[in-house]
Structures are given as structure tokens and as C-alpha cells.
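So you can see what is in the structure, the chains are spelled out below.
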Amino acid sequence: MALDKYSKESDKIANLYRASFYLAKGSVDVALNFLNKTGEKFDGIDLKGKDNQLYWAEKILDRYLILK
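Residues numbered from 1 in each chain as written. Predicted model: local features only at pLDDT ≥ 70, side-chain atom pairs only at ≥ 80, totals over all residues. Heavy atoms only, no water.

**Q** Sorry, what's going on with the packing of helix 1 (residues 8-25) against helix 2 (residues 28-38) here?
**A** Helix-helix packing is characterised by the crossing angle of the two axes and by the distance between the axes. Where helix 1 meets helix 2, the axes come as close as 8 Å, and the angle between the chain directions of the two elements is 160°. It follows that helix 1 is roughly antiparallel to helix 2 by the angle criterion. Considering how the two elements wind past one another, helix 1 and helix 2 form a crossing that is left-handed. Contacts between helix 1 and helix 2 involve Lys 12, Asn 15, Leu 16, Arg 18, Ala 19, Tyr 22 and Leu 23 from the first element and Val 28, Val 30, Ala 31, Phe 34, Leu 35, Lys 37 and Thr 38 from the second. A class-by-class count of the residues in the contact of helix 1 with helix 2 yields 9 nonpolar, 2 polar and 3 charged. (Axes fitted to C-alpha atoms, helices over the stretch in contact; angles between N-to-C directions. Helix = DSSP H or I, 4+ residues; strand = E, 2+ residues; numbered from the N terminus. Parallel < 35°, antiparallel > 145°, perpendicular 65-115°, else oblique. Left-handed = near helix turned anticlockwise from the far one by under 90°. Contact = heavy atoms within 4.5 Å. Nonpolar A, V, L, I, M, F, W, Y, C, P; charged D, E, K, R; others polar.)

Here is the structure:
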């Protein structure tokens, strides 16, 4: 699927990427803001500690790659 900058579905997918990026950088609040905009659910998400943040950044990136 080619991303279209006018598509809400493409915006959702791009926000997954942004959430993953900011979470990997350690900006949890920004990442959660982007993640909430996607409407995607991640059960059991725990963002306490850098290792957990990197783990969930990978999980979010995996979802991005599947939907892209």
C-alpha cells in the first residue's frame, strides 16, 4: 500500500511510526500522544524503564510494518 498524505489510514500508519520513534528516543508522553491518535490497542503495555520502552517501540514498529 502506498501512503497517501490525504488518507486517514495513512495518517494512522505514520503515527505508529512516529510513536515508535519517540518511544525509542525516550519521549514517552509524545509517543503516547501519537499512539492514542492511531486507535491501535497494545495489551499489557508497560513503559517503565528503558528496556520496556525499547521493547514496545519494536512492537509498535512491527505493527507499522504489517499495516504499511
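Don't stop here, the text continues.
**Q** When you look at the pattern of salt bridges in this model, what are you seeing that I'm missing?
**A** Pairing is possible between side chains of opposite charge, provided their charged atoms come close. Applying the stated criterion across every chain yields a total of 3 salt bridges. The shortest N-O distance in the salt bridge between Asp 11 and Arg 18 comes to 3.9 Å. Judged by its relative accessible area of 42%, Asp 11 falls in the partly exposed class. Between Lys 12 and Glu 40 there is a salt bridge, with the nearest N and O atoms lying 2.8 Å from each other. Here Glu 40 lies in the loop between helix 2 and helix 3 (50-67) and Lys 12 lies in helix 1, a separation of 28 residues in the sequence. We classify Glu 40 as buried; its relative accessible area is 17%. Linked through salt bridges whose partners overlap, the residues forming this network are Lys 12, Glu 40 and Arg 63. (Salt bridge = Lys/Arg side-chain N within 4 Å of Asp/Glu carboxyl O. Buried < 20%, exposed > 50% of the residue type's maximum accessible area, 1.4 Å probe, protein only.)

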